[in-house]
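The chain contents come next:
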Amino acid sequence: MLNDNVKSYLHLHLIVFIWGFTAVLGALISLDALPLVWFRMLFAVGFIAVYIYFKKISLRISKKVLLQFLFSGLIIALHWFTFFHAIKISNISITLACLSTGALFTSLLEPILYGKKIVRYEVFFGLLVVFGLYIIFKVEGNYFLGIIIALTSAFLSALFAVINSKFVKEHDPTIISFYELSGGVIFFTFLLFFNHSFSPTFFRLSAKDLMYLLILSSVCTSYAFIASTSVMKFLSPYTVMLTINLEPIYGIILAVLIFKDKERMSFEFYLGAFIILLTVLLNAILKSRKLKLN
C-alpha cells in the first residue's frame, strides 16, 4: 500500500499535468487575460458552491481567517492574470518555462516569512532552474516583456504556495478554495467595474470560449485547486513548487502537439527546459534517499 506522502506526490503530478493543459486553454480562449480570469474564478466558485451544498460542508470561519483567505485569493488571482497575460503577449512555451523559477522564490520566501532554516540543496536546485531560464532568456530575448510578466507570475505562485501551506494544516481544502477564489472574484469585479468594463459585449461569449471556460473552471480550477491544496498537508511548499516545474514540460509538449510551428522553439530553449526537468528529477531522488535513511 502506498503511504499518504507517495499518494500525494503522484496526485500532484496529475494536477500539474492538468495545469499544463491550462496554458493551452488560455491560448485557445479569445478573451483578454483579465476577463478570462474573472470568468474562470466566477465559474469555479459556482462549481465549488454546488459541491459544498451537496456535501453539506459548513462555511463558518472567523473574520480574521476570512480576511486571510480573501487576501490569499487576491494573490492567486494576480498570479493567473499575469500568467495568461504573458501567454497572450509571448507564447505558452516561454510563459511555462519562466514559471520554473517558482522553486527558487519558494526557497527564499519560506525563511523570510516563517523563519525556516535555509536548506542549501534547495537553493542549489533553485539556481539550476535559474541557469536553465538564463539559457532561454539569452536566445528568446524578443519575448522580454512576456518573460518579465511570467517571472512575476512565478513569484506570486510561490508566495501563494507558501501562505497556503499554513492554511491547509488547520482548515478544509474545499473551504479554503471557496473563499480564496471568491476573494479573487471580488477583487477583479471591483477592478472591472471601476474600469467600466462590464457591458453587454463583455458577457457575450462565443460557444467555443464558453466550452473552454467551463473546462478551465471545473477540471483545471475547481478540482485541481482543491486537490493541490489538499496534497499540501503531506508535502512541503518547496516540493510542491519544484514538482510544479514539470508543468512547463507537460504544457510545452501539449502546445507543440496542438499549435505545432507556433510553439516550436530553438534548441537552446529546449536545453534550458531539460535542465529544469533534470532539477526536478534530482530533487525527487534526493528526497527519496532521505526518506529511506529515516
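Everything below is about the structure shown above.
None of the values given here were measured: they were computed from a predicted structure.

Looking at this model, I keep getting lost on the overall build of the chain. Mind explaining?
Broken down by element type, the chain carries 12 helices and zero strands. Mapped from its N terminus to its C terminus, the chain presents α and β elements in the order α-α-α-α-α-α-α-α-α-α-α-α. Over its C-alpha atoms the chain spans a radius of gyration of 19 Å, differing by no more than 12% from the 19 Å that the globule rule assigns to 294 residues. Counting over 294 residues, the chain shows a buried share of 52%. Working note: accessible area of the chain is about 14300 Å², and carbon and sulfur atoms make up 70% of it. Taken as two groups, the 24 positive and 13 negative side-chain charges of the chain have centres that lie 8 Å from each other.

Please explain helix α8 (residues 173-194) as it appears in this structure.
Since the α-helix turns once every 3.6 residues, residues separated by three or four places project in the same direction. The end-to-end C-alpha separation of α8 is 32 Å, in line with the 32 Å expected for 22 residues at 1.5 Å each. At the N-terminal end of α8, a side-chain oxygen is found 2.7 Å from the backbone nitrogen of T174, two or three residues along, and the residue is D172. At the C-terminal side of α8, H196 shows a positive phi close to 55°.

Please explain helix α11 (residues 246-259) as it appears in this structure.
Taking 1.5 Å per residue, 14 residues should reach 20 Å; α11 reaches 20 Å between its end C-alpha atoms and fits that length. Within α11, burial applies to L246, E247, P248, I249, G251, I252, L254, A255 and V256.

How should I be thinking about the nonpolar core in this particular structure?
In globular proteins that are soluble, nonpolar side chains generally tend to be buried together. Ranked by internal contacts, the top residues of the largest apolar core, which has 70 residues, are M41, W80, F84, L181 and L216. Of all the secondary structure elements, the ones that give two or more residues to this core are α1 (4-28), α2 (33-55), α3 (63-89), α4 (92-98), α7 (144-167), α8, α9 (207-231) and α11. In terms of residue count, α2 provides more of this core than any other element does, 11 residues in total. Ignoring anything within four residues of it in the chain, the contact list for M41 reads G73, I76, A77, W80, E180, L181, G184 and V185. Residues I94, L133, I147 and V256 belong to the second largest nonpolar core, which totals 14 residues.

I keep staring at unusual backbone geometry and nothing clicks. Help me out?
Peptide bonds are trans in most cases, and residues, glycine excluded, mostly fall at negative phi. Here the phi dihedral of K56 falls at roughly 55°; this positive angle occurs in a residue that is not glycine. Inspection of the secondary structure assignment puts K56 in the loop between α2 and α3. One non-glycine residue, H196, lies in the positive phi region at around 55°. Looking at the secondary structure, you find H196 in the loop between α8 and α9. A relative accessible area of 70% means that H196 is categorised as exposed.

Got a minute to help me understand the packing of α3 against α7 in this structure?
When two helices pack together, their arrangement is given by the angle between the helix axes and by the axis-to-axis distance. The geometry of α3 relative to α7 is characterised by a closest axis approach of 8 Å and an angle of 155° between their N-to-C directions. On the basis of the axis angle, α3 is roughly antiparallel to α7. Where α3 crosses over α7, the two elements pack in a sense that is left-handed. Residues that form the contact of α3 with α7 fall into these classes: 15 nonpolar, 10 polar and no charged.

Sorry, what's going on with the packing of aromatic side chains here?
Aromatic ring pairs are reported here in terms of the distance separating the ring centres and the angle at which the planes meet. For the structure shown, the criterion picks out 23 aromatic pairs. Measuring from centroid to centroid gives 6.0 Å for W38 and F203, while their planes differ by 70°, and the two rings are edge-to-face. Residue W38 is found in helix α2, and its partner F203 is found in the loop between α8 and α9; the two are separated by 165 residues along the sequence. Classification of W38 by relative accessible area gives buried; the value is 7%. Among the aromatic residues, ring-to-ring pairing joins W38, F39, F43, F198, F202 and F203 into one connected group.

Explain the side chain of H13 here, please?
Of note, H13 is situated in helix α1. If sequence neighbours within four positions are ignored, H13 has contacts with T243, L246 and Y250.

Please explain the side chain of S177 as it appears in this structure.
On the secondary structure map, S177 appears in helix α8. Residue S177 is classed as buried on the basis of its relative accessible area, which comes to 0%. Not counting residues within four places of it along the chain, the set of residues in contact with S177 comprises I48, F225, I226 and T229.

Calculation rules
- Residues numbered from 1 in each chain as written.
- Predicted model: local features only at pLDDT ≥ 70, side-chain atom pairs only at ≥ 80, totals over all residues.
- Heavy atoms only, no water.
- Helix = DSSP H or I, 4+ residues; strand = E, 2+ residues; numbered from the N terminus.
- Rg over C-alpha atoms; globule rule 2.2 N^0.38 Å.
- Buried < 20%, exposed > 50% of the residue type's maximum accessible area, 1.4 Å probe, protein only.
- Areas by Shrake-Rupley, 256 points an atom, 1.4 Å probe, with all protein chains shown as cover.
- Lys, Arg positive; Asp, Glu negative; His and termini not counted.
- Charge placed at Lys NZ, Arg CZ, Asp CG, Glu CD.
- Expected span 1.5 Å × (residues − 1).
- Polar contact = N/O pair within 3.5 Å; in protein donor to acceptor, adjacent residues only side chain to side chain.
- Core = buried A, V, L, I, M, F, W, Y, C linked by side-chain atoms within 4.5 Å.
- Contact = heavy atoms within 4.5 Å.
- Axes fitted to C-alpha atoms, helices over the stretch in contact; angles between N-to-C directions.
- Parallel < 35°, antiparallel > 145°, perpendicular 65-115°, else oblique.
- Left-handed = near helix turned anticlockwise from the far one by under 90°.
- Nonpolar A, V, L, I, M, F, W, Y, C, P; charged D, E, K, R; others polar.
- Phe/Tyr/Trp six-rings, centres within 6.5 Å; stacked < 30°, edge-to-face > 60°.

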